[in-house]
Amino acid sequence: MTVRNEVLRQEPPYGIAAPGFRLPDATRVGAVHLQIDNLQRSLELDRAGLTMDTLSMGMSDDLEAAIVEGATMVRIGRAIFGERAVPPVQR
């Protein structure tokens, strides 16, 4: 099943949530955000009258780019709380 079909299958889809992207080049992150924004717009066109009010993309490292590309929700936990302590791998 494609992402498009999965989103349109839900009644009603409220929006799209994309994972955070940690890419070294900010222009590449912006390009990914733009693709996600375009996906949301094309889904709205596929289903006449559908309006998705949530576009969740971006995290602490790329929140500015996500907002520029249309995000209505960003996840910024690390910017507020700092890095999470990752427990060592037990073998």
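Higher on the page you've got the structure.
The written sequence of each chain sets the order in which its residues are numbered from 1. Side-chain atom pairs in this predicted model are given and counted only at pLDDT of 80 or more, local residue features only at pLDDT of at least 70, and totals for whole chains, interfaces and linings cover all residues. Side-chain descriptors were evaluated using all non-hydrogen atoms of the structure, hydrogens and water having been removed beforehand.

Participant: I tried to follow the nonpolar core on my own but got confused; where do I start?
Facilitator: Buried together is how nonpolar side chains tend to be arranged in soluble globular proteins. For this analysis, a nonpolar core means a set of buried residues of the types Ala, Val, Leu, Ile, Met, Phe, Trp, Tyr and Cys, connected via side-chain atoms within 4.5 Å. Relative accessibility under 20% of the residue-type maximum defines a buried residue, over 50% an exposed one, and the middle range a partly exposed one, all with a 1.4 Å probe and only protein chains included. Ranked by size, the top nonpolar core spans eleven residues in total: Ile-16, Ala-18, Val-32, Ile-36, Leu-43, Leu-50, Met-52, Leu-55, Met-57, Ala-66 and Ala-71. Only DSSP runs of H or I covering at least 4 residues are called helices, and only runs of E covering at least 2 are called strands; the numbering of each starts at the N terminus. Where this core is concerned, the elements lending two or more residues are helix H2 (26-46) and strand E2 (54-59). Ranked by residues supplied to this core, first place goes to H2 with three residues.

Participant: Quick question: what am I supposed to make of the sheet that holds strand E3 (residues 73-75) here?
Facilitator: Paired strands, as defined in this entry, are two strands with at least two bridges between them according to DSSP. Taken in spatial order, the three strands line up as E1-E2-E3 in an open sheet, and their pairing is parallel. Looking at which strands have only one partner, the edges of the open sheet turn out to be strand E1 (15-17) and E3. The mean inter-strand angle of the sheet, taken between neighbouring strand axes irrespective of direction, is 25°. In the sheet, E2 pairs with E3 via two bridges, with the strands oriented parallel. Paired with Ser-56 across the two strands is Met-73, which belongs to E3. To get an axis, a line is fitted to the C-alpha atoms, and for a helix only the part in contact is used. The angle between two axes follows their N-to-C directions and goes from 0 to 180 degrees.

Participant: Which parts of the structure should I look at to understand a nonpolar patch on the surface?
Facilitator: Excluding any residue in a salt bridge, patches collect residues exceeding 30% relative accessible area, merging like charges within 9 Å and nonpolar Val, Leu, Ile, Met, Phe, Trp and Tyr side chains within 5 Å. The accessible surface values rely on the Shrake-Rupley method and a 1.4 Å probe; as for residues, cover is taken only from the protein chains in view. Within this document, salt bridges are pairs made up of a side-chain nitrogen of Lys or Arg and a carboxyl oxygen of Asp or Glu, the two lying within 4 Å of each other. The grouping of Ile-76, Ile-80 and Phe-81 at the surface amounts to a nonpolar patch, some 340 Å² of accessible area in total. Structurally, the position occupied by Ile-80 is in helix H4 (residues 77-81).

Participant: Looking at this model, I keep getting lost on the side chain of Gln-40. Mind explaining?
Facilitator: Along the chain, the position of Gln-40 falls in helix H2. What makes Gln-40 buried here is its relative accessible area of 5%. What qualifies as a polar contact is a pair of N or O atoms within 3.5 Å, subject to a donor-acceptor requirement within protein and to the restriction that residues adjacent in sequence count only when both atoms come from side chains. In this structure the side chain of Gln-40 is engaged in a polar contact, spanning 3.1 Å, whose partner is the backbone oxygen of Met-52. Throughout, a contact is declared for two residues whenever any of their heavy atoms are within 4.5 Å. Setting aside residues up to four positions removed in sequence, Gln-40 forms contacts with Gly-15, Ile-16, Met-52, Asp-53, Thr-54 and Leu-55.

Participant: Got a minute to help me understand the pattern of salt bridges in this structure?
Facilitator: One side chain can pair with another of opposite charge once the charged atoms of both are near each other. Inspection of the entire model under this criterion finds three salt bridges. Among the ionic pairs, Asp-37 bridges to Arg-41, the shortest N-O distance being 3.0 Å. Here the residue Asp-37 and the residue Arg-41 both occupy positions in helix H2, the gap between them amounting to four residues, near one helical turn. Salt-bridge contacts for Arg-78 lead to Asp-61; the nearest nitrogen and oxygen are separated by 2.7 Å. Of this pair, Arg-78 sits in helix H4 while Asp-61 is found in the loop between E2 and helix H3 (63-68), placing the two residues 17 residues apart along the sequence.

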